[in-house]
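Descriptive structure summary
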Amino acid sequence: MSTQTGAVHSIQSLGTLDGPGVRFVVFLQGCPLSCGCCHNPDTQPLDGGTPYTAKEIVEKAKRYTEYFGDKGGITLSGGEPLLQAPFAGEVFSLCHEAGIHTCLDTSGCLMNDDIKKLLYVTDRVLLDIKYTNEDMYQIHVGCSLQAPLLFLKQLEELSIPTTLRQVIIPTLNDNKENISILQEFAQSHRCVDSVELLPFRKLCQTKYDAMHLPFPFAHLPEPDANTMKVLSDLIHK
């Protein structure tokens with residue numbers, strides 16, 4: 001019997017950017033971080049969201065299993081799904097009973113016993129390493145770089161297939177030194193089987209305006225295609 005209830009911000013039934021294959025993507029409400037590049041500021045508040053039981057989420061996901069194929073499944077994103085680890089864990093447990101692949105999209109900013117239980121039913125993790133510099137993390141994220149690195153260590157111990165992700169932000173991390181360190185993180189953990197560099201975009205400006213909030217990185221440019229290609233070539237050398 002489903003006992004856990006979670007706060008859900010929104011659901012994307014057929015996502016293609018949040019894990020392998022076609023995904024049923026659930027964006028959970030609430031995030032403890034304050035990232036300058038956050039493109040979903042509306043998911044940050046800890047209150048709000050629509051209540052769902054784990055069973056209700058999985059029953060919705062089952063409607064789309066014919067589209068999942070061999071690689072697709074469900075992805076829990078946010079916000080930060082680690083904040084609702086007991087709920088996320090029950091969702092993933094029910095998914096496994098239904099033969100649905102599970103993927104966790106996270107900043108890796110937290111670790112506790114509930115999160116460890118969640119990882120035991122997680123088939124893949126998309127881990128966002130926002131910067132490779134401690135000062136950058138303290139200033140632009142609101143936690144220590146050590147948090148996602150400790151999370152990555154846990155993924156390594158559990159041998160969970162992991163994709164490292166990083167949003168490339170001009171003037172902050174669009175440089176060879178950052179890419180070199182990110183590459184070291186990947187190569188020193190056997191669980192990491194891919195690295196994705198994503199271009200910083202400012203389409204979220206409208207959300208900040210609607211919420212009457214300043215967009216911290218509004219003054220920064222978006223990376224051009226050539227920059228993304230050069231950095232991508234470096235990370236995949």
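You'll find the structure just up there.
The paragraphs below set out a description of the structure included in this document. (Residues numbered from 1 in each chain as written. Predicted model: local features only at pLDDT ≥ 70, side-chain atom pairs only at ≥ 80, totals over all residues. Heavy atoms only, no water.)

Another point: the packing of helix 1 (residues 54–62) against helix 3 (residues 85–97). Helix-helix packing: each pair is described by the crossing angle between the helix axes and the interaxial distance. Relative orientation of the contacting elements helix 1 and helix 3 amounts to 40 degrees, with a least axis distance of 9 Å. Classified by the interaxial angle, the pair formed by helix 1 and helix 3 is oblique. As for the relative orientation of helix 1 and helix 3, their crossing is right-handed in sense. The residues of helix 3 that touch helix 1, namely those facing Ala-54, Lys-55, Ile-57 and Val-58, are Phe-87, Glu-90, Val-91, Leu-94 and Cys-95. (Axes fitted to C-alpha atoms, helices over the stretch in contact; angles between N-to-C directions. Helix = DSSP H or I, 4+ residues; strand = E, 2+ residues; numbered from the N terminus. Parallel < 35°, antiparallel > 145°, perpendicular 65-115°, else oblique. Left-handed = near helix turned anticlockwise from the far one by under 90°. Contact = heavy atoms within 4.5 Å.)

Here we come to helix 1. An α-helical turn contains 3.6 residues, so any two residues separated by three or four positions project in the same direction. Ala-54, Ile-57, Val-58 and Ala-61 are the residues of helix 1 that are buried. Down the axis of helix 1, the buried side of the element spans an arc of 95 degrees, and every buried residue falls inside it. (Buried < 20%, exposed > 50% of the residue type's maximum accessible area, 1.4 Å probe, protein only. Arc of directions from axis to C-beta.)

Enumeration according to the criterion identifies five aromatic pairs in this entry. Taken together, a centroid distance of 6.1 Å and an interplanar angle of 85 degrees make the contact between Tyr-131 and Tyr-137 edge-to-face. The pair formed by Tyr-131 and Tyr-137 is uniform in burial state, with each residue classed as buried. Connected via pairs of aromatic rings, a cluster forms that spans Phe-200, Tyr-208, Phe-215 and Phe-217. (Phe/Tyr/Trp six-rings, centres within 6.5 Å; stacked < 30°, edge-to-face > 60°.)

Let us look at helix 9 (residues 225–235). Listing the buried residues of helix 9 in full gives Met-228, Leu-231 and Ile-235. Summarising the axial view, the buried residues of helix 9 lie within an arc of 75 degrees, below the 170-degree limit, and thus occupy one face. Across helix 9 from its buried face, at more than 90 degrees, point the exposed residues Ala-225, Asn-226 and Lys-229. Contacts from the buried residues of helix 9 go to strand 7 (162–168), helix 7 (176–187) and strand 8 (192–199). The N-terminus of helix 9 is capped by Asp-224, whose side-chain oxygen sits 3.3 Å from the backbone nitrogen of Asn-226. (Polar contact = N/O pair within 3.5 Å; in protein donor to acceptor, adjacent residues only side chain to side chain.)

Turning next to unusual backbone geometry. The linkage connecting Gly-78 with the following residue, Gly-79, adopts the cis geometry, with an omega of 15 degrees. Note on placement: Gly-79 falls in the loop between strand 4 (73–77) and helix 3. Located in the positive-phi region is Ser-159, a residue other than glycine, with phi close to 55 degrees. With respect to the element layout, Ser-159 can be found in the loop between helix 6 (146–158) and strand 7. Even without a glycine there, the phi angle at Thr-171 is positive, about 80 degrees. You can see Thr-171 is positioned in the loop between strand 7 and helix 7.

Our next topic: the packing of helix 7 against helix 9. Close contact between helix 7 and helix 9 brings their axes to 9 Å; oriented N to C, the two are set at 35 degrees. Note that helix 7 runs across helix 9; the crossing there is right-handed. Judged by residue contacts, Lys-176, Ile-179, Leu-182 and Gln-183 of helix 7 engage Leu-231, Leu-234 and Ile-235 from helix 9. Here the contact of helix 7 with helix 9 is built from residues that sort into five nonpolar, one polar and one charged. (Nonpolar A, V, L, I, M, F, W, Y, C, P; charged D, E, K, R; others polar.)

With that settled, the discussion passes to the sheet that holds strand 3 (residues 50–53). Reading across from one edge, 3-1-2-4-5-6-7-8 is the order of the eight strands in this open sheet, with mixed pairing throughout. Unpaired on one side and paired on the other, strand 3 and strand 8 mark the two borders of the sheet. Going across the sheet, the axis of each strand differs from the next one's by a mean of 30 degrees, ignoring polarity. Pairing of strand 1 (residues 5–15) with strand 2 (residues 23–28) involves five bridges; the strand directions are antiparallel. Bridge pairing in strand 2 links Ser-10 to Phe-27. Strands strand 1, strand 2, strand 3 and strand 4 of the sheet are contacted by helix 1, whose axis makes an angle of about 85 degrees with strand 3. Helix-sheet contacts for helix 6 involve strand 5 (101–106), strand 6 (124–128), strand 7 and strand 8, and the interaxial angle to strand 6 is about 160 degrees. (Pairing = 2+ DSSP bridges.)

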